[in-house]
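Overview (structure and organization)
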Amino acid sequence: MKNTLALLSFLILGICFQSCYAQSEKQKSEQKKSPVYSHTDTTKVNQSDKDWKKILSPEVYDVARLKGTERPFTSKFETSKEIGTYYCAVCGNALFQSDTKFDSGCGWPSFYQPISKTSIVYHKDRSLGMERTEVTCGRCKSHLGHVFDDGPPPTGLRYCINGVVLDFEKAKTAEKSYSKKQKKDTSGK
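Residues numbered from 1 in each chain as written. Predicted model: local features only at pLDDT ≥ 70, side-chain atom pairs only at ≥ 80, totals over all residues. Heavy atoms only, no water.

Re the side chain of S142
- Examined against the element boundaries, S142 turns out to sit in the loop between β6 (132-137) and β7 (143-148).
- Of the residues examined, S142 reaches a relative accessible area of 0% and is grouped as buried.
- Residue contacts for S142: discarding those within four places in its chain leaves A64, R65, V90, V135, T136 and C137. (Helix = DSSP H or I, 4+ residues; strand = E, 2+ residues; numbered from the N terminus. Buried < 20%, exposed > 50% of the residue type's maximum accessible area, 1.4 Å probe, protein only. Contact = heavy atoms within 4.5 Å.)

As structure tokens, then:
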């Protein structure tokens, strides 16, 4: 009887956690884009924390603006093998190409190289009693994660990034979108 009760309690708890996680993913997919979100605009973004709090979901705000960390192994991007580009979920800045992504086993999406020298900004992080290098978005200054020197060649770096602050666009989707825009521009409509 005790074992049955313990098993039942465990199952109910598991269902509760799963439904919380599912709600979080649903909220993220329904999150509206911020007014500064763009894959083409490279101007620096300066919003107040008050404004960011109105625009961003609580999960994204916690990581991006309060330097939080999502739970390991919860990001849909951690094991993704899709081909395309990873963008900052806060402002749309291009951050990483999928061909620089690798499986580090750390629980967060990992990359060995950013898309450009200006897409990421580096800061000393002495929190939690250790010294690390924090990486933030080069456009909106949102916290993304940290970079470590235990990655694969050719850089030897591991950009350990919170998936909740990433957006992804498949290469085929981007190509279609670009072709449609080109067609529209040449037709004058």
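What to know about the packing of aromatic side chains
- If you walk through the whole model with that rule in mind, you get seven aromatic pairs.
- Seen in terms of ring centroids, Y86 and F111 are 5.1 Å apart; in terms of plane orientation they differ by 70 degrees. Their pairing is edge-to-face. Here Y86, found in strand β1 (residues 84-88), pairs with F111, found in strand β4 (residues 110-111); they are 25 residues apart in sequence, far enough to count as distant. The same class applies to Y86 and to F111, which are both buried. (Phe/Tyr/Trp six-rings, centres within 6.5 Å; stacked < 30°, edge-to-face > 60°.)

Some details on the sheet that holds strand β8 (residues 158-161)
- If you trace the six strands from one edge of the open sheet to the other, you get β3-β4-β8-β7-β6-β5, paired in antiparallel fashion. In the strand order of this sheet, the two ends are held by β3 (101-102) and β5 (120-125), each with one partner.
- Bridging between β3 and β4 involves two bridges; their strand directions are antiparallel. By the bridge assignment for β4, K101 is matched with F111. (Pairing = 2+ DSSP bridges.)

Observations concerning the environment of V147
- Topologically, V147 is positioned in strand β7.
- Separated by 14 residues in sequence, V147 and I161 have C-alpha atoms that sit 8.4 Å apart.
- When near neighbours in sequence (up to four residues on either side) are disregarded, V147 contacts Y122, T133, V135, L157, R158 and Y159.

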